[in-house]
Each structure stands twice: as C-alpha cells, then as structure tokens.
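For reference, the chains in residue letters:
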Amino acid sequence: MTNELDFTGKTVLVVGGSSGIGNGMAQAFRQRGAQVHVWGTRPSAADYAGVEGSDLDGIGYTQVDVGDAAAIAAAPVPFDRLDVLIHSQGAVLYRRQEFEAEGWNKVMAVNLDSILHISNLCRAALAAAKGTIIVVSSIGAFRATIGNPAYAASKAGAVNLVRALAVAWAGDGIRVNGIAPSLVDTKMTKVTMDNDQRRERALAKIPMGRFGSVEEMAGVALFLASPLSGYICGQTLIVDGGLTLT
C-alpha cells in the first residue's frame, strides 16, 4: 500500500524554519524522507544551538533577511526542483509600535511582502516539480488583534494572497494553500504563554480546552503537501481548536 505521507526524494524549503512552527514542519518532512532546507535570521545553523524550539539536525540552512526584498532576490534557491515551499516567517511588535510607520512597514515586509517575493523567486523550481506552497497565516487574519494592526492586516492579506497565487499558478501545476493556527507555544507567543493571566484568558476561549502543538501544525502541512489534498486549491485551513467558532 502506498504511503502518501512518505516524502522520500522530495525537496522542501521552509522559510522561518529555524524555530517554532516552521522548525516543527521542517523536521516532520525530514523524518518522512524529504531533503529539507530552511531560511533563518542568524548567521549560521550553529547559532541556534540551545535555542528552545529549534532543531536543525539534518537540515540545510541559509541566513536570509526576508524583510529586505533585495536580500530575497539575491538568495540562492537550494534545489533545482522544489516540491514544497513553506512560508513560516513572521514578525509582531508590541507596545503600539505597529501604529507607527516604521513598525507597520517592518511587520508588513516580513509577514506579507516576503511571501510574494519568495514565491516568485521559487516559482520556476516549483513549476518544475509541480510543487506546493503552504503559507502559515494566523486566526488573526479573521478577528481583531488589540494593539497589532500590522500583524492583523498582514495575516488577512496573506489569506487573500494564497487565493490570488492559487488562481495565477494552478495552470503551472503549483498548488497554493495556507494554515491559520491559533495560539501555539512558541517563541513568538511567549508574551502570552509566560503570563499566567493572559494565558488563562486565552485558554478559556478555546472550546477544546487546550492550546495547539507544533506537531499538530506540522501534521496539517504534511497533509497539504501530500496527494491526500490534491484537489484543495487556494484555501486557508483554520487550525484553532474551535476558537473562531466562539
């Protein structure tokens, strides 16, 4: 019987794959036989040694500043044929920084602009493999986020960019879909997870009564990259334990 979640011989690039959800996805594909490369912000993979939620064992690495369009244009695509491109890069700024032009521009550049620039960079390699793009968005795309207008706007934009790229590139054999998680315990969510009151308030809103895990998000990515989802095109799957139902 064919194992449709076996990625032996496949190539995967995870942008923002050095830690958190992206790293969990990178390792999930590696453990299922794929050749995996990640982009991160630090000079080398060794600079992530000891970082919580970071495991770069068996994974290629390149430092790329995805907030800089010129840096993206100059970055090498690690494979001639790319089966899976995962966008897991993300930025959020607190203390009302996103209301100012500098903060707004920084978050939008990382969370939205880079998705288009990197996808364009990898388009030929994806077309050669009839590959898949997966964009990690957020339920912040569908509900207001207090104090983070750029984050909310960028994630909402990412959901519609998934649709636009899916329509534009389906004829090339490239499927584009997304994932919108709620709170997962990662470096980006420490401001909530490390505050008992904020954590309990957030947990109380989730019908399933728990936060999601990195492994669960990786499972959805494996599904979206596999033949099991072969007729899903332009969709962003909400993976939130029921939070957006309340």
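Keep in mind that this is a model prediction, so the values were computed, not measured.

**Some remarks on the environment of Ala152**
For step 1, the next point in the chain: By the secondary structure assignment, Ala152 is in helix α4 (residues 149-169).
For step 2, the next point in the chain: The class for Ala152 is buried, based on a relative accessible area of 16%.
For step 3, the next point in the chain: Remark: the alpha-carbon pair of Ala152 and Pro78, spanning 74 residues in sequence, is separated by 31 Å.
For step 4, the next point in the chain: Contacts of Ala152, omitting those with residues within four sequence positions, involve Gly140, Ala141 and Thr145.

**Quick look at the pattern of salt bridges**
For step 1, the next point in the chain: Summed over all chains, the structure comprises three salt bridges.
For step 2, the next point in the chain: Taking the shortest distance from any N to any O, the salt bridge between Arg123 and Asp172 comes out at 2.7 Å. With Arg123 in helix α3 (residues 101-129) and Asp172 in the loop between α4 and β6 (175-181), this residue pair connects regions lying 49 residues apart in the sequence.
For step 3, the next point in the chain: Two residues, Arg210 and Glu216, come together in a salt bridge whose shortest N-O distance is 2.7 Å.
For step 4, the next point in the chain: The class of Arg210 is partly exposed, set by a relative accessible area of 38%.
For step 5, the next point in the chain: On the basis of relative accessible area, Glu216 is assigned to the partly exposed category, the value being 32%.

**Things to note about unusual backbone geometry**
For step 1, the next point in the chain: The backbone phi angle of Arg96 is positive, close to 65°, even though this residue is not glycine.
For step 2, the next point in the chain: Mapped onto the elements, Arg96 comes out in the loop between β4 (84-87) and α3.
For step 3, the next point in the chain: Residue classification places Arg96 among the exposed positions, given a relative accessible area of 53%.

**Quick notes on the sheet that holds strand β7 (residues 236-239)**
For step 1, the next point in the chain: Taking strand neighbours across the sheet as the criterion, the seven strands line up as β3-β2-β1-β4-β5-β6-β7 in an open arrangement whose pairing is parallel. At either margin of the open sheet sits one strand with a lone partner, and together these are β3 (60-63) and β7. Each adjacent strand pair in this sheet contributes to an overall mean axis angle of 15°, direction not counted.
For step 2, the next point in the chain: Two strands pair when backbone bridges link them, and strand β5 (residues 132-136) and β6 are joined in this way by five bridges, in the parallel orientation. When the sheet's bridge partners are listed, Val135 is paired in β6 with Gly178.

**Brief notes about the nonpolar core**
Generally speaking, soluble globular proteins have nonpolar side chains that are buried together.
For step 1, the next point in the chain: By size, the foremost hydrophobic cluster in this structure holds 31 residues, and its most contacted members are Met25, Phe29, Val36 and Ile86.
For step 2, the next point in the chain: It is helix α7 (residues 214-225) that contributes the most residues to this core, eight residues altogether.
For step 3, the next point in the chain: When residues no more than four places from it in sequence are discounted, the contact partners of Ile86 are Val12, Leu13, Val14, Val15, Met25, Phe29, Ile134, Val136 and Ala221.
For step 4, the next point in the chain: In this structure, Trp39, Ile72, Ala125 and Ala166 belong to the second largest nonpolar core, which totals 29 residues.

**Describing the packing of helix α1 (residues 20-31) against α7**
For step 1, the next point in the chain: Running from N to C, α1 and α7 cross one another at 55°; their axes reach a closest spacing of 8 Å. Taken together, α1 and α7 sit at an angle that is classed as oblique. α1 and α7 meet at a crossing whose hand is right-handed. For the pair formed by α1 and α7, the contact residues are Gly20, Ile21, Gly24, Met25, Ala28 and Phe29 on the first element and Val214, Met217, Ala218, Ala221, Leu222 and Ala225 on the second.

Calculation rules
- Residues numbered from 1 in each chain as written.
- Predicted model: local features only at pLDDT ≥ 70, side-chain atom pairs only at ≥ 80, totals over all residues.
- Heavy atoms only, no water.
- Helix = DSSP H or I, 4+ residues; strand = E, 2+ residues; numbered from the N terminus.
- Buried < 20%, exposed > 50% of the residue type's maximum accessible area, 1.4 Å probe, protein only.
- Contact = heavy atoms within 4.5 Å.
- Salt bridge = Lys/Arg side-chain N within 4 Å of Asp/Glu carboxyl O.
- Pairing = 2+ DSSP bridges.
- Axes fitted to C-alpha atoms, helices over the stretch in contact; angles between N-to-C directions.
- Core = buried A, V, L, I, M, F, W, Y, C linked by side-chain atoms within 4.5 Å.
- Parallel < 35°, antiparallel > 145°, perpendicular 65-115°, else oblique.
- Left-handed = near helix turned anticlockwise from the far one by under 90°.

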